[in-house]
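Read off the chains here:
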Amino acid sequence: MNPLKGLGVCVVLAGIVYALTKVEDVALLFFVLSIGIIGVSLFTYAASVRRRRNDYRVAGE
């Protein structure tokens, strides 16, 4: 069990709250965060597809 896991979540939440209080244009912040999340998701999906194809090729199927 990792006792620091909960601390990391608290730090992330505190960072979000701090950013929301300091940023003037919250809508732009959410837009940029959304674009970032979509980009990371697409990259992860593409890597997963590439890995799966490689695994099938190595397995000989």
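If you're wondering where the values come from, they're calculated on a predicted model, not measured in any experiment. (Residues numbered from 1 in each chain as written. Predicted model: local features only at pLDDT ≥ 70, side-chain atom pairs only at ≥ 80, totals over all residues. Heavy atoms only, no water.)

Q: Whenever I open this one, the overall build of the protein chain confuses me. Can you help?
A: Helix and strand counts for the protein chain stand at two helices and zero strands. The C-alpha radius of gyration computed for the protein chain amounts to 19 Å, which surpasses the reference 10 Å derived for 61 residues by more than 25%, pointing to a less compact arrangement than a globule. Considered along the principal axes of its C-alpha atoms, the protein chain spans approximately 55 × 35 × 5 Å. The buried share among the 61 residues of the protein chain stands at 2%. (Helix = DSSP H or I, 4+ residues; strand = E, 2+ residues; numbered from the N terminus. Rg over C-alpha atoms; globule rule 2.2 N^0.38 Å. Buried < 20%, exposed > 50% of the residue type's maximum accessible area, 1.4 Å probe, protein only.)

Q: How should the pattern of salt bridges be read in this particular structure?
A: Pairing of side chains with opposite charge becomes possible as their charged atoms draw close. A full pass over the atoms with the stated rule returns one salt bridge. For Arg 51, the salt bridge is made with Asp 55, and the minimal N-O distance between the two is 3.7 Å. Linking Arg 51 with Asp 55, this pair stays in helix H2 (residues 26–59), spanning four residues, or about one helical turn. (Salt bridge = Lys/Arg side-chain N within 4 Å of Asp/Glu carboxyl O.)

Q: Help me out: how do you make sense of H2 in this one?
A: Along an α-helix, residues three or four positions apart point the same way, because every turn accommodates 3.6 residues. Taking 1.5 Å of rise per residue, 34 residues should cover 50 Å, and H2 covers 49 Å from first to last C-alpha, within 8% of that figure. Of the residues trailing H2, Gly 60 is marked for its positive phi of about 85 degrees. (Expected span 1.5 Å × (residues − 1).)

Q: Which parts of the structure should I look at to understand the environment of Lys 22?
A: Along the chain, the position of Lys 22 falls in helix H1 (residues 5–22). We classify Lys 22 as exposed; its relative accessible area is 57%. For the pair Lys 22 and Gly 8, spaced 14 residues apart in sequence, the C-alpha separation works out to 21 Å.

Q: Where do I start with a nonpolar patch on the surface in this structure?
A: Among the surface-exposed residues, Val 9, Val 12, Leu 13, Ile 16, Leu 20, Phe 30 and Leu 33 lie close enough to one another that they form a single nonpolar patch of about 630 Å² accessible area. Of all the elements in the fold, those that place two or more residues in the nonpolar patch are H1 and H2. A total of five residues in the nonpolar patch trace back to one element, the largest contributor, which is H1. When you line up the elements, Phe 30 lands in helix H2. You can call Phe 30 partly exposed: its relative accessible area is 46%. (Patch = residues over 30% accessible without salt bridge, like charges linked within 9 Å, V, L, I, M, F, W, Y side chains within 5 Å. Areas by Shrake-Rupley, 256 points an atom, 1.4 Å probe, with all protein chains shown as cover.)

Q: I keep staring at the environment of Val 11 and nothing clicks. Help me out?
A: By the secondary structure assignment, Val 11 is in helix H1. The class of Val 11 is exposed, set by a relative accessible area of 54%. Considered as a pair, Val 11 and Thr 44 are 33 residues apart in the sequence and their alpha carbons are 25 Å apart.

Any functional reading would require information beyond the geometric quantities listed.
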